[in-house]
Every structure is written in C-alpha cells, then in structure tokens.
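An overview of the molecular structure
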Amino acid sequence: MAKLGLAMTAVGLVAGAVSAQAQEYTFKLHHFLGAGAPAQTQMLEPWARQVEENSGGQVKIEIYPAMTLGGAPPELIRQVRDGVVDLVWTVQGYTPGLFPRTEVFELPNVHRNDPVATNLAMREMFEDTLKQEYEGVEVMFLHVHAGQGIHMVDKEVRKPADLEGLQMRIPTRTGAWIIEALGASPVAMPVPDLPQALSKKVVDGAFIPWEIIPPLKLQDQTKYQIEGADMARFGTTTFQVSMNRARWDGLPEDIQKAFRDASGEDWVREVGEIWRASDDFGIKLATDAGNEHIVLSEEETEAFYTQLEPVVDRWIEEVSGEGIDGAALVERARELIAKYSSQ
C-alpha cells in the first residue's frame, strides 16, 4: 500500500508538472471588432489555436474583442508598445503617419483586387523595407482586406461625379485623399461607429469591403454596393497582428518558433483567401436582403482610377519629405503584387 501511495504521488506530481508547463505562457490579444466578426472567428482564433498547438500546450492566447480591455481603436498600437496588452490586431492607418512605408499598399491602383498577392508582397518587403516602422513591437504578420468598395445609403454611383459633395467614411489618411480626389468630403471614424453614422445620415456612404456587412448589419443601413470590373477596389487597408517587443524578447526560442511557424507564407496566403471568402459572403448577404450590387464596366472603372492617380502622386510627394523614395516603393509594390497575382 505504501508503494502504491508513493506511485500515485509520483503520478500526481508528473501530471501537475505537465499542467504547469501547459499554462506557462498566457497572452492577451486585444482588437476592435466584435467576437462574431470574421476577423476573429476565421482568422484570429485559428491562428491562436495553431500557435497553442505548435507550443505543445505551453501557450494560451486569450482574445479580447470590441476593445473590452479599454481604450479606443486608435490606441491599440500604443497599448501593445507599452505592454498594456501582449498582442493586438489593429489598423496601421488608425495612427496616421506612423507607418508611412506600409501605406504604399493602401493606394489606389497599387492594390486592386487580390488580397493574397498584396499580403505576399508585404511579406516580401517587410525585412528590408517595412520593418523599421514597427518599433516596440514584433510583427507576427501583416495583411490587407479585399479592398474598399463603395457602400451608399440611398444614392447610386457609377462615375466619380456621382460622389461630389457627399460625406463619405474612411479609416485612413490615404483613404481621405481618395475621397477628396473624387470630390466628396472624408469623415474619419473607427469601423464600429459606422452603422449609427449611416442610419443618422452623418455620412452618405463609406469606402469599406463587403466582409464588414454581416457583423455591422450594413445591409440594413445601405441600398447600394459598388465595385469596379473584375472585383476592382479603390485602395485597401493594412492590418497587423503584433506582440509587445519586450514580451517577445523574453520568450525562449521554442515558443518564438511556435508563433513564427503559425505566421509564415502559407498562413499569409490563407489569410488573403479568408478575407476574399468573407467578402463574397458579405455581398451575398446584402443582395439576398434586397440591396443592389453594382459592378462597373471596365471603362467606368478606369474613369475612377484616372481620377485617383493624383492620390499616388500626392503620397509620393508627402513621404519624400520624410526622406522616403515613394516612387520606388510604388514601383516595387506594384511589381510584387503583379508577380504574386500571376502565381
């Protein structure tokens, strides 16, 4: 009996040690959309579970949606840099001017319609070009969504002149330039504020992808969704999943590897496919609800791009004041996106 007791004690100690090891590293991931948004259910949750699996159960990632840990969406990057949270998913454009090189991927006629290609292009440019902008954090991965389509409360849009004089929501400064180039007035706001702004006609519409329709129920506040030929969009938004740098530096190599292996090229490609599929689901929801999905002709699409080309020139001039060769960045981004779009 004594031997049995010792054996049971030993088993208990081993089990306790395994349990303790399994709970060794806990991370809080903070973001700005609701728990039911595709960003969480289809991207952040699968990524977190993969990291946990890669770590052999040593890592636990707790996801806090809808700013439940406090603050406003533009504060997320500061929260992770200051170590208030361990990880964030956020929009670079919520803090204008902080990520000027990454902005190249937001420009119209740089990203057109392929989130997979743009994700891979950002990944290829990261180490030698973009990384210097991400001080204080360790980037897990960067990505874009499918790109900015046009949502309108009650006005049909088929040419740039149809937007003149209207109030349009956009989340980033490059997006504001797009709206200004089309003769409308930009209204900046985080995406969770959009439904109320549309319902109260604070804005006449918004530049945002279709994937946001289900979580915000935009089919209830809009009548029209407009995009260019071949799913062409009018710029896009860049996002990051990043960890506090000090927290990262304090992790052993095997735990860092668990994160890295979950965030590689295959995952970045999959993220692009996730956002494309979410976009397709969103536009179907809108049309099923009775909204009109307008696809511009090739000529109508090019009329938009022609009017938006000065936005690219404006950006090149703006970043040149910071010693950045914007023209070279635009050329390289377009080349890489074309390369990956052809694969």
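Let me begin by describing the structure that accompanies this report.

So, how was this worked out
Residues numbered from 1 in each chain as written. Predicted model: local features only at pLDDT ≥ 70, side-chain atom pairs only at ≥ 80, totals over all residues. Heavy atoms only, no water. Pairing = 2+ DSSP bridges. Helix = DSSP H or I, 4+ residues; strand = E, 2+ residues; numbered from the N terminus. Axes fitted to C-alpha atoms, helices over the stretch in contact; angles between N-to-C directions. Contact = heavy atoms within 4.5 Å. 1 Å grid on protein atoms, 1.4 Å probe; cavity = no way out; pocket = protein on both sides within 12 Å on 5 of 7 lines; lining within 4 Å. Points joined across faces, edges and corners; volume = space filled by probe spheres on them. Nonpolar A, V, L, I, M, F, W, Y, C, P; charged D, E, K, R; others polar. Parallel < 35°, antiparallel > 145°, perpendicular 65-115°, else oblique.

Pairing in this open sheet of six strands is mixed, and the strands run E7-E6-E8-E5-E9-E11 from one edge to the other. Each having just a single partner strand, strand E7 (185–188) and strand E11 (292–295) make up the two edges of the open sheet. Averaged over all pairs of adjacent strands, the angle between strand axes in this sheet comes to 25 degrees, irrespective of strand direction. Alignment of strand E9 (residues 224–227) against E11, held across four bridges, turns out to be parallel. The residue bridging glutamine 225 from the neighbouring strand is histidine 293, located in E11.

Turning to the side chain of threonine 236, a few remarks are in order. By the secondary structure assignment, threonine 236 is in the loop between E9 and strand E10 (238–244). Once you skip the residues sitting within four places of it in the chain, threonine 236 turns out to touch Phe105, Glu106, His111, Val144, His145, Ala146, Gly147 and Gln148.

Scanning the entire structure with this criterion turns up two cavities of 30 Å³ or more. Empty space within the largest cavity amounts to approximately 130 Å³. Taken together, 17 residues form the lining of the largest cavity, with Phe32, His145, Val191, Ile208 and Phe239 sitting closest to its centre. In the lining of the largest cavity, the residues fall into 12 nonpolar, three polar and two charged. The volume enclosed by the second largest cavity comes to roughly 30 Å³. Forming the boundary of the second largest cavity are Gln92, Gly93, Thr95, Pro96, Gly97, Leu98, Phe99, Glu103 and Glu106.

Moving on to the layout of surface pockets. One number sums up the size of the largest pocket: a volume of about 350 Å³. What lines the largest pocket is a set of 18 residues, among which Phe126, Glu127, Val139, Met140 and Arg260 lie closest to the centre. Broken down by secondary-structure element, the contributors of at least two residues to the lining of the largest pocket are helix H4 (115–130) and strand E4 (137–144). In terms of residue count, E4 provides more of the lining of the largest pocket than any other element does, six residues in total. Its residues assigned to classes, the lining of the largest pocket comprises nine nonpolar, three polar and six charged.

The next point concerns the packing of helix H11 (residues 298–320) against helix H12 (residues 326–341). The N-to-C vectors of H11 and H12 enclose an angle of 130 degrees; their axes lie 8 Å apart at closest approach. Regarding the angle of H11 to H12, the classification is oblique. In contact with Glu309, Val312, Trp315, Ile316 and Val319 of H11, H12 contributes Gly326, Ala327, Leu329, Val330 and Arg334. Its residues assigned to classes, the contact of H11 with H12 comprises seven nonpolar, one polar and two charged.

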